[in-house]
Amino acid sequence: RPRVLSGIQPTAGSFHLGNYLGAVRQWVALQESHDAFYMVVDLHAITLPQDPAELRANTRLAAAQLLAAGLDPDRCTLFVQSHVPEHTQLAWIMNCLTGFGEASRMTQFKDKSARQGADRASVGLFTYPILQVADILLYQANEVPVGEDQRQHIELTRDLAERFNGRFGQTFTLPKPYILKETAKIYDLQEPSIKMSKSASTPKGLINLLDEPRVTAKKVKSAVTDTDTVIRYDAENKPGVSNLLTIYSTLSGAGIAELEQKYEGKGYGALKTDLAEVMTEFVTPFRERTQQYLDDPETLDSILAKGAEKARGVAAETLAQTYERVGFLPAK
Ligand code: AQP
């Protein structure tokens, strides 16, 4: 079976709808057909300041949400990044292979450091994509299911894998991004020109999956649309309506054309009322399942411990081979 690997940050507490539709939903599907490794990336989280107690709680919360979304520990390997020390070990080697200019071109760093004030951004935030390179290469992943915003980091991963292989001999698999066109980028409900994001969205434009369902329904009903009245998918001219149709279609399983037909002659109000209901039907059991996992931290921790053990088996093998290729003297 081909292998997939992906990760999600534990920083925001609740996952948002962009995380789910852009990435986590695909993780659930891919565990059926692939050898799947998924992790909560706490090492990435500390590239921005974190409160220690909150980070710990949010790491469990992220794992609980992944299980609630449908990850099955019998079908995939679910673990916490800091439980597998090989990630930081390989990241150092990859740091030494990356050009300073090359790392400077990463747009996510440019955006995030601009938001923080360039002088205050940490070196960790700068090398964030290189840790991601190590995450992926350690598992020899063939595909990486992510949202569109991560495409550049997967390209960097391919470049560095090729560079290493060229210099030291064939070692790493070149991964491909796995990005579904329809849900590659979910947009902010208030500002449909920007992606839904925990740090760039206003609270009204961001759907947190763990919010009270009535809060979510309210956000859907106040989503920005346009002055036209026709319900039609047209991302360029009708970004707000198109975003709602994408969300509706993915959560309900109805095709976009089917929805356009269903709402022919009807107003935006009808579309929003129905979508609010679809969303409520999705988030209500999701919240309940998440709570069930949180109520049993021992089971949760033991799932993560088993996952880490399995992940380490693969990661240690790749790292040992990498150390040997680089020329490190083996410890006797
Ligand atoms: N709006 C989105 N549409 C589609 N996919 C998205 N992803 C994030 N936003 C969207 C995908 O979610 C996965 C996890 O991303 P992350 O760990 O970076 O999570 P995050 O930090 O919570 O994501 P945000 O909101 O984008 O945070 P910022 O911008 O503050 O860092 C990834 O596969 C990502 O592509």
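Note: the structure precedes this text.
Residues numbered from 1 in each chain as written. Predicted model: local features only at pLDDT ≥ 70, side-chain atom pairs only at ≥ 80, totals over all residues. Heavy atoms only, no water.

1. Considering the overall build of the protein
Thinking step 1. Check the secondary structure of the protein and you find 13 helices and five strands.
Thinking step 2. Computed over C-alpha atoms, the radius of gyration of the protein comes to 21 Å, within 12% of the 20 Å expected from 2.2 N^0.38 for 332 residues, which places it in the range of a compact globule.
Thinking step 3. Principal axes of the C-alpha set define a box for the protein whose edges measure 75 × 45 × 40 Å.
Thinking step 4. In the protein, the proportion of contacts linking residues at least 24 apart, taken out of those at least 6 apart, comes to 75%. (Helix = DSSP H or I, 4+ residues; strand = E, 2+ residues; numbered from the N terminus. Rg over C-alpha atoms; globule rule 2.2 N^0.38 Å. Contact = heavy atoms within 4.5 Å.)

2. Topic: helix 1 (residues 17-30)
Thinking step 1. Compared with an ideal rise of 1.5 Å per residue, which puts 14 residues at 20 Å, helix 1 spans 19 Å between its outermost C-alpha atoms and is within 8% of the ideal.
Thinking step 2. Taking burial as the measure, the 14 residues of helix 1 include 11 buried ones, the bulk of the element.
Thinking step 3. Considered for burial, the residues of helix 1 that qualify are Leu17, Gly18, Tyr20, Leu21, Gly22, Ala23, Val24, Gln26, Trp27, Val28 and Leu30. (Expected span 1.5 Å × (residues − 1). Buried < 20%, exposed > 50% of the residue type's maximum accessible area, 1.4 Å probe, protein only.)

3. A short note on unusual backbone geometry
Thinking step 1. Backbone geometry places Gln140, a non-glycine residue, at a positive phi of 55 degrees.
Thinking step 2. Position of Gln140 among the secondary structure elements: in the loop between helix 7 (123-138) and strand 4 (143-145).

4. Section: the side chain of Thr246
Thinking step 1. If you trace the backbone, Thr246 turns up in helix 10 (residues 239-252).
Thinking step 2. Residue classification places Thr246 among the buried positions, given a relative accessible area of 9%.
Thinking step 3. Apart from residues no more than four positions distant in its own chain, Thr246 is found in contact with Glu182, Thr183, Ile186, Tyr233 and Ile256.

5. Some details on empty space enclosed by the protein
Thinking step 1. For the coordinates displayed, the defined rule picks out one cavity of 30 Å³ or more.
Thinking step 2. Its volume calculated, the largest cavity comes out at about 40 Å³.
Thinking step 3. What lines the largest cavity is Met106, Gln108, Phe109, Lys112, Leu125, Tyr128, Pro129 and His153.
Thinking step 4. Those elements giving two or more residues to the lining of the largest cavity turn out to be helix 6 (107-116) and helix 7.
Thinking step 5. Here the lining of the largest cavity is built from residues that sort into five nonpolar, two polar and one charged. (1 Å grid on protein atoms, 1.4 Å probe; cavity = no way out; pocket = protein on both sides within 12 Å on 5 of 7 lines; lining within 4 Å. Points joined across faces, edges and corners; volume = space filled by probe spheres on them. Nonpolar A, V, L, I, M, F, W, Y, C, P; charged D, E, K, R; others polar.)

6. Re the environment of Pro2
Thinking step 1. Following the sequence through the fold, Pro2 ends up in the segment before strand 1 (3-8).
Thinking step 2. Through-space distance from the C-alpha of Pro2 to that of Glu143 is 7.9 Å; in sequence the pair is 141 residues apart.
Thinking step 3. Sequence-distant contacts of Pro2, that is, excluding residues within four places in its chain, are made with Ser33, His34, Asp35 and Asn142.

7. Concerning the nonpolar core
Thinking step 1. Ranked by size, the top nonpolar core spans 56 residues in total, and within it Tyr38, Leu66 and Ile247 carry the most contacts.
Thinking step 2. Look past the residues within four positions of Ile247 in its chain and what remains in contact with it is Leu17, Leu21, Ile186, Leu189, Leu275 and Met279.
Thinking step 3. Formed by 41 residues, the second largest nonpolar core is a distinct cluster that contains Phe37, Leu90, Ala161 and Ile179. (Core = buried A, V, L, I, M, F, W, Y, C linked by side-chain atoms within 4.5 Å.)

8. Here's the deal with the side chain of Gln132
Thinking step 1. On the secondary structure map, Gln132 appears in helix 7.
Thinking step 2. Not counting the four nearest positions on each side in its chain, Gln132 is found in contact with His44, Gln150 and His153.

9. Some points on the layout of surface pockets
In this approach a probe as big as a water molecule rolls over the atoms, and the regions it shows empty are the leftover space.
Thinking step 1. There is about 990 Å³ of room inside the largest pocket.
Thinking step 2. Along the wall of the largest pocket there are 47 residues; nearest its centre are Asn19, Gln108, Asp149, Gln150 and Lys195.
Thinking step 3. Residue assignment for the lining of the largest pocket shows that the elements contributing at least two residues are strand 1, helix 1, helix 6, helix 7 and strand 4.
Thinking step 4. The element best represented in the lining of the largest pocket is helix 1, accounting for six residues.
Thinking step 5. Estimated volume of the second largest pocket: approximately 240 Å³.
Thinking step 6. In terms of lining, the second largest pocket is formed by Asp42, Pro52, Leu55, Arg56, Thr59, Arg60, Val80, Ser82, His83, Asp301 and Leu304.

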